[in-house]
Amino acid sequence: MRSALADHTLYRTLKSVDDIKTFMEAHVFAVWDFMSLLKALQRDLTCTDIPWMPKRDASIARFINEIVFGEESDVNELGEPKSHFEMYYEAMQQIGASTKGIDTFLNALEVGASIKDALQLPNVPSYASSFVLHTFDVIHSGDVHRVASAFTFGREDLIPDMFIQILEHSKYNKGTNQYSKLLYYLQRHIDIDGDEHGPLALKMIDSLSDGDQIKESEIIETAKASLLKRIELWDGITTMIKNNQLHTNVIEA
């Protein structure tokens, strides 16, 4: 399944600025819901309660806290503190991608809508909605090893492969400032996730399974389901891009 993602036709479909806009308008939901996976791990593997109590594995607590620090308060290309979601959102604005879908969704959540109801609003792509619903199903399972599996195999361990493919296959003009924020975001993930977070996430999985065959089975099951949802998300984006390309070609003809 990882191989299918690494060689997905999506990367070869990204040929124009408009294609990249379409990609970002859906992918931003995965950028957003990643933080909820991470916060679920922080809740369960570190102590966020008062009074504070020590956790059994300080190395994993440190790992999670380091990721939270980097994801929630990294620095952008200008040296300004920004979350990775904010970086991505600003990259969308810079390239001219629509933020209407993610804005509609977040505004609904802010006034008290449920995740499910907010995802049913106009401008939210159905394939993005399905992806986010799966993420929150895993979170609401209450099983930290399942959350860690979705985080590791559906996200952290996968991100470098995906983003390297995007950089290699997209027809970027790297000398154009229109893409500077997106290129910085992509390179930041490749540098951090490939060199630091991926190996530590695998160590976390080993610690949480601890030789328990049932947990190991559930970790594998969750990993497969998470990868399948990523493939479905990529399939949906690819179909949308190809439909847009066909529409553009018909107009130009």
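Coordinates for the structure precede this section.
If you're wondering where the values come from, they're calculated on a predicted model, not measured in any experiment.

Further remarks concern the packing of aromatic side chains. Across all of its chains, the model carries 7 aromatic pairs by this definition. Pairing W32 with F105 gives two aromatic rings, centres 5.0 Å apart and planes at 85°, and the pair type is edge-to-face. Of this pair, W32 sits in helix 3 (residues 17-45) while F105 sits in helix 6 (residues 100-110), and the two are 73 residues apart along the sequence. F105 matches W32 in its accessibility class, with the two residues each being buried. Arranged with centres 5.0 Å apart and planes meeting at 70°, the rings of Y88 and Y185 form a pair that is edge-to-face. Placement of Y88 in helix 5 (residues 84-95) and of Y185 in helix 11 (residues 180-209) is noted, with a sequence separation of 97 residues between them. Both residues of the pair, Y88 and Y185, count as buried. Against the face of W234 rests R230, its NZ or CZ located 5.2 Å from the ring centre.

For the structure on display, the rule yields 14 salt bridges. Among the ionic pairs, R12 bridges to D7, the shortest N-O distance being 3.1 Å. R146 is paired through a salt bridge with E221; the nearest N and O atoms lie 3.3 Å apart. Of this pair, R146 sits in helix 9 (residues 144-156) while E221 sits in helix 12 (residues 213-252), placing them 75 residues apart in sequence. Judged by relative accessible area, E221 falls into the partly exposed class, the value being 46%. In this structure, a network of salt bridges that share partners links the residues E77, K82, E90 and K181.

The rules we used
Residues numbered from 1 in each chain as written. Predicted model: local features only at pLDDT ≥ 70, side-chain atom pairs only at ≥ 80, totals over all residues. Heavy atoms only, no water. Phe/Tyr/Trp six-rings, centres within 6.5 Å; stacked < 30°, edge-to-face > 60°. Helix = DSSP H or I, 4+ residues; strand = E, 2+ residues; numbered from the N terminus. Buried < 20%, exposed > 50% of the residue type's maximum accessible area, 1.4 Å probe, protein only. Lys NZ or Arg CZ within 6 Å of the ring centre and 35° of its normal. Salt bridge = Lys/Arg side-chain N within 4 Å of Asp/Glu carboxyl O.

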